[in-house]
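# Summary of structural features
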Amino acid sequence: MASRAMITTGTHGTFGLGSSMPFPPGFNVKKPQLTPRKASEPEKRPSLISPIVDAGLGKTMPQGYKATVAQLGTFELPEQVTGGSRDRRLGKALVQAWRKDGIIQIAMNDTQKKLCDDAMAASRRFFKKPHSEKAACVDSQSYAGYIASGEEVTDGIADYSEIFTITKDLDASDPRVRARWPCHGPCPWPDVEMKDPMVRYSDILGAEGEKLLKLVELGLDVAPGSLTRYTRDGWHHTRVLRFPPRNATNGRGKEGRGIGSHTDYGLFVISAQDDVGALFIRRPSQNEAFANWRKSAAGFKEDADDWVYVPPAYGVHTVILGDMMQYLTRNYLRATPHKVGLNTRERFAFAYFHEPSFQAVLKPLETGCGGGLSKDNVSCSSQEEEEEEEEEEEGIHYGTHFTNMFMRNYPDRITTKRLLAEDRYSLLARPELRIMART
Ligand SMILES: O=C(O)CCC(=O)C(=O)O
Ligand SMILES: [Fe+2]
């Protein structure tokens, strides 16, 4: 049995990824027992961290997977980030937790819990609808809307996830839609019963994302605005997800696999899941080099047996990192590879993606973390080194990265076909789509 990895925070408590080898399948996850805070404890904020007291966390792990079971403590975020010493300490604790574990868990406040519950109810209602009604929710200009189980492709293999994607809802009069920018168009909502709760939940996650990003700036010791400058009019989006039980799939994918191993594209992903369980992540490792914006990381170590299972817990969000955070921090904070299995029951989840503006041209941060951000500590080939130098010069255009990724995942979607047929892709090179460049 592997030894237990723990992080001592220096404020109070410990947290980290626990261990244990395969657990039998089963359910009955208890709510995490957060250590009650004593009256004298507010002094100790921002901390945040309380051990979960539950030895049975691995019980929900889907059958057929071998993994260590995470035992994540829970961070509490302040109402507002003002940049004081508490915020700075919290930011540093978050950054160190991501560097060690690749994932953090944050407590929802009561408003977030309510909005998440409402969104979960709307998701269950939507996915129960007849296929024809769901399939009508597509748009030829945006990638928003319905994706049937078996339609999305990760590393050449169909995923069993059934998804409703929410991107910016832009009608035909929007200048970007009129100018035929790739990926810009309406969100084809089925009805207001789906739209209203999803918009409310996504909006509150947007606010949470900005708060987290400010804390990351403090944690990295970079100037305020170094990261948040890129998220003005951020291309944030949400995936509302349903996974079928493993014995009730349509046979288009791979047995027991919900979504193949991948990294997500932007800054970070804030997720919530029901009590079923199926999410696995990889912890950052010096020996594992990938840069998804250069060469696809889809399928990375998918069948390895050293993944970490993320047990479901009510009332929390988990946060993993995306490609652009890895790029901006020169691998100091790496994108977190993750994958999703199928369990014995259907599973519902949300993944909210906090992203740079579609028009942002990103360049790596130059200072911070006592010089730690200037070191690229991922070894790469000479071709990759050349590409890296070119990137230093030109930066990465987020809209191009996003478009590449969606075209790759949905080669047969009407949106991809129209994008190619109308040569919208070439617009990505235009200066008006790249206005947020750092000089
Ligand atoms: O189902 C989950 O918890 C994660 C889904 C995911 O990785 C994604 O939508 O990109
Ligand atoms: Fe993902």
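Structure first, text after, so check above.
Everything numeric here is computed off the predicted structure, so don't read it as measured data.

Rules behind the numbers
- Residues numbered from 1 in each chain as written.
- Chains lettered and ligands numbered in written order.
- Predicted model: local features only at pLDDT ≥ 70, side-chain atom pairs only at ≥ 80, totals over all residues.
- Heavy atoms only, no water.
- Salt bridge = Lys/Arg side-chain N within 4 Å of Asp/Glu carboxyl O.
- Helix = DSSP H or I, 4+ residues; strand = E, 2+ residues; numbered from the N terminus.
- Buried < 20%, exposed > 50% of the residue type's maximum accessible area, 1.4 Å probe, protein only.
- Pairing = 2+ DSSP bridges.
- Axes fitted to C-alpha atoms, helices over the stretch in contact; angles between N-to-C directions.
- Contact = heavy atoms within 4.5 Å.
- Near = heavy atom within 4 Å.
- Polar contact = N/O pair within 3.5 Å; in protein donor to acceptor, adjacent residues only side chain to side chain.
- Phe/Tyr/Trp six-rings, centres within 6.5 Å; stacked < 30°, edge-to-face > 60°.
- Donors = N, O, S within 2.8 Å, 3.2 Å for Na, K, Ca; no water.

### Concerning the pattern of salt bridges
In total, this model carries 29 salt bridges according to the counting rule given. Salt-bridge contacts for Arg257 lead to Asp159; the nearest nitrogen and oxygen are separated by 2.8 Å. Here the residue Arg257 occupies a position in strand β10 (residues 257-262), and Asp159 occupies one in the loop between β7 (157-158) and β8 (162-166), the gap between them amounting to 98 residues. Just as Arg257 is buried, Asp159 falls in that class too. Between Lys168 and Asp233 there is a salt bridge; the shortest N-O distance is 3.0 Å. Taken together, the residues span a long stretch of sequence, with Lys168 in the loop between β8 and α4 (175-178) and Asp233 in the loop between α5 (192-220) and β9 (237-243) at a distance of 65 residues. A residue is classified by how much of its surface remains accessible, and Asp233, at 42% relative accessible area, is partly exposed.

### Topic: the pairing of strand β4 (residues 103-107)
For β4, the tally of buried residues reaches 5 of 5 residues, placing the bulk of the element in the interior. Across the two faces of β4 the burial is the same, with Ile103, Gln105 and Ala107 and Ile104 and Ile106 all buried. As paired elements, β4 and strand β14 (residues 316-321) share 5 bridges and run antiparallel to each other. Paired with Ala107 across the bridge in β14 is Val316.

### Examining the sheet that holds β8
On the basis of which strands lie adjacent, the open sheet formed by 7 strands has the order β4-β14-β11-β16-β9-β8-β5 and antiparallel pairing. Each edge of the sheet is formed by a strand with only one pairing partner; in this case those strands are β4 and β5 (145-147). Recorded for the sheet is a direction-independent mean angle of 25° between the axes of neighbouring strands. Of the strand pairs in this sheet, strand β11 (residues 268-273) and β14 are connected by 4 bridges, and their pairing is antiparallel. Across the sheet, the residue bridging to Ile270 is Val319, located in β14. Its contacts with the sheet place helix α2 (residues 110-127) against β4, β5, β8, β9, β11 and β16 (347-354), and it is angled at close to 120° to β16. Along the sheet, α5 makes contact with β4, β8, β9, β11, β14 and β16, crossing β16 at roughly 50°.

### A look at the pairing of β10
The element β10 is largely enclosed, with a buried count of 6 among its 6 residues. Pairing geometry for β10 and strand β15 (residues 338-341), over 3 bridges, is antiparallel. Its bridge partner being in β15, Arg257 is matched across the sheet by Gly341.

### Overview of the site of ligand 1
What surrounds ligand 1 is a group of 13 residues, the closest being Arg239, His262, Asp264, His338 and Arg347. The separation between an oxygen atom of ligand 1 and a polar side-chain atom of His262 is 3.2 Å. Contacts to ligand 1 include His338, whose side-chain N or O atom sits 3.0 Å from an oxygen atom. Put simply, the parts of the chain that give the shell around ligand 1 at least two residues each are β9, β10, β15 and β16. No other element matches β16, which puts 4 residues into the shell around ligand 1.

### With respect to the packing of aromatic side chains
Overall, the coordinates contain 20 aromatic pairs when judged by the stated rule. Ring centres of Tyr65 and Phe280 lie 4.6 Å apart, and the angle between their planes is 25°; on these two criteria the pair is classed as stacked. With Tyr65 in the loop between β2 (14-15) and β3 (67-69) and Phe280 in strand β12 (residues 279-281), this pair connects stretches of sequence that are 215 residues apart. Ring geometry for Phe358 and Phe402: centres 6.4 Å apart, planes at 65°, overall edge-to-face. With a gap of 44 residues between them, Phe358 in the loop between β16 and β17 (360-362) and Phe402 in helix α8 (residues 398-409) connect regions that are remote in the sequence. Phe402 shares its class with Phe358; the two are buried. Each member of the aromatic cluster is reached from another via a ring pair, and the members are Tyr143, Trp235, Tyr265, Phe358, Tyr398, Phe402, Phe406 and Tyr410.

### With respect to the coordination of the iron ion (ligand 2)
In this structure, His262 (NE2), Asp264 (OD) and His338 (NE2) serve as the protein donors to the iron ion (ligand 2), at separations of 2.1 to 2.2 Å. Positions of the donor residues of the iron ion (ligand 2) along the chain correspond to the pattern H-x1-D-x73-H. Of the two residues examined, His262 and Asp264, each falls in the buried class.

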